[in-house]
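Architecture at a glance
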Amino acid sequence: MTTPIRWGIIGLGRIAHKFAQDLKRVPGALLTAVASGSQERSDAFGVQYGALFCYGSYAEMPACPELDIVYVATPHVDHCRLTLMCLNAKIPVLCEKPFAMNAREVGEMIRAARDNRTFLMEAMWTAFIPSFQETFNIISMGEIGKVHSLKADFGFCAPLDMESRIYNKALGGGSLLDVGIYPIFLALKLFGKPKEIQAAAAMAPTGVDATCAMIFSYAGEEIAMLHSSIVAKTDTTAHIYGEKGCIFMPFPFHHADFIARQFYYGETEEFHLPIEGKGYHFEAAEAGRCLQAGLLESPGMPHAMSLDLIETLDRVREKIGLHY
């Protein structure tokens, strides 16, 4: 019989609720502990999802007597500090994306994981969504030929609330880190780190990027055209173009329930891959599998990919003059 994986969650906002709901879909996963900056919020969350230990501060989580792994779901700026807190207590971590605010912080987190021989994974849930994995299966089999270009976007219209997390520079707000990370992640999976980056942004009054447009170019002449926004609801789709055809990833491409492969002079085939729940259970299941296998990182979202991703985000931020 498989030993249950006892989970803790630090940071009890919107994403934490989705994760807790989906955790119930993972065989052997138990939500044991939750931590918030508010004891009242922690108690309410614990009652809603059946957690045994409810803490009114993040710092109390490492002392939990029944804990196998922690999911860090706080605003971006706290990811590094709280991940290091857990890793240095030899508690494995699944940390929400973006992994941290910059490459320096991500490097610290990875070193701490290796020094403590403790599992660490970025919660890039898209990497484990069935439609995303099927996309790369089709590409790996050469069905659309060599891939040469990508067009992808992710935008939503956030109410203009200058106190909200999404517009708050002190909390790492803006479109790039919040949703631009998804088109960039897809480009990295397809082509690796870009040789050259062109980027431009329109800034919100708070100094974060409201809209960001990017062009990545590569040594092999591949190109990626990417776009993110928090002031416009975009198609949020992706088109991957190869020599013989393309793959269309519909709204929302980062967790679509189907994809379409279209040959330029032939038929179109749809691959329907429905998702139960919100889709966060796939990454939770992967983290649990890695723990039970004694792995220190996930083959599906390795440390090297997280480092490449944050370094690319840093390069874009430098181009658009966004400094936190």
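Residues numbered from 1 in each chain as written. Predicted model: local features only at pLDDT ≥ 70, side-chain atom pairs only at ≥ 80, totals over all residues. Heavy atoms only, no water.

The next point concerns the nonpolar core. Trp7, Leu150 and Leu186 are the most contacted members of the largest nonpolar core, which totals 102 residues. Element by element, the count of residues in this core is highest for helix H6 (residues 175-191), at 12 residues. Beyond its immediate chain neighbours, meaning those up to four positions away, Leu150 contacts Pro183, Leu186, Ala187, Leu190, Phe191, Ile223, Ala224, Met225, Leu226, Ala238, His239 and Ile240. Counting 7 residues, the second largest nonpolar core, distinct from the first, contains Ile166, Tyr167, Ala204 and Val208. (Core = buried A, V, L, I, M, F, W, Y, C linked by side-chain atoms within 4.5 Å. Buried < 20%, exposed > 50% of the residue type's maximum accessible area, 1.4 Å probe, protein only. Helix = DSSP H or I, 4+ residues; strand = E, 2+ residues; numbered from the N terminus. Contact = heavy atoms within 4.5 Å.)

A separate point is the sheet that holds strand S14 (residues 268-272). If you trace the 8 strands from one edge of the open sheet to the other, you get S8-S9-S10-S7-S11-S12-S13-S14, paired in mixed fashion. The open sheet terminates on both sides in strands that have one partner only, identified here as strand S8 (196-203) and S14. Going from strand to strand, the sheet's axes swing by 10° on average, the running direction of each strand aside. Strand direction decides the pairing type here: strand S7 (residues 147-155) and strand S11 (residues 238-242), joined by 5 bridges, are antiparallel. Considered in S11, the bridge of Ala152 is made with Ala238. Lying over the sheet, H6 contacts S7, strand S9 (209-217), strand S10 (223-229), S11 and strand S12 (245-249), oriented at roughly 165° with respect to S7. This element, helix H8 (residues 303-320), spans S8 and S9 of the sheet and lies at about 60° to S8. (Pairing = 2+ DSSP bridges. Axes fitted to C-alpha atoms, helices over the stretch in contact; angles between N-to-C directions.)

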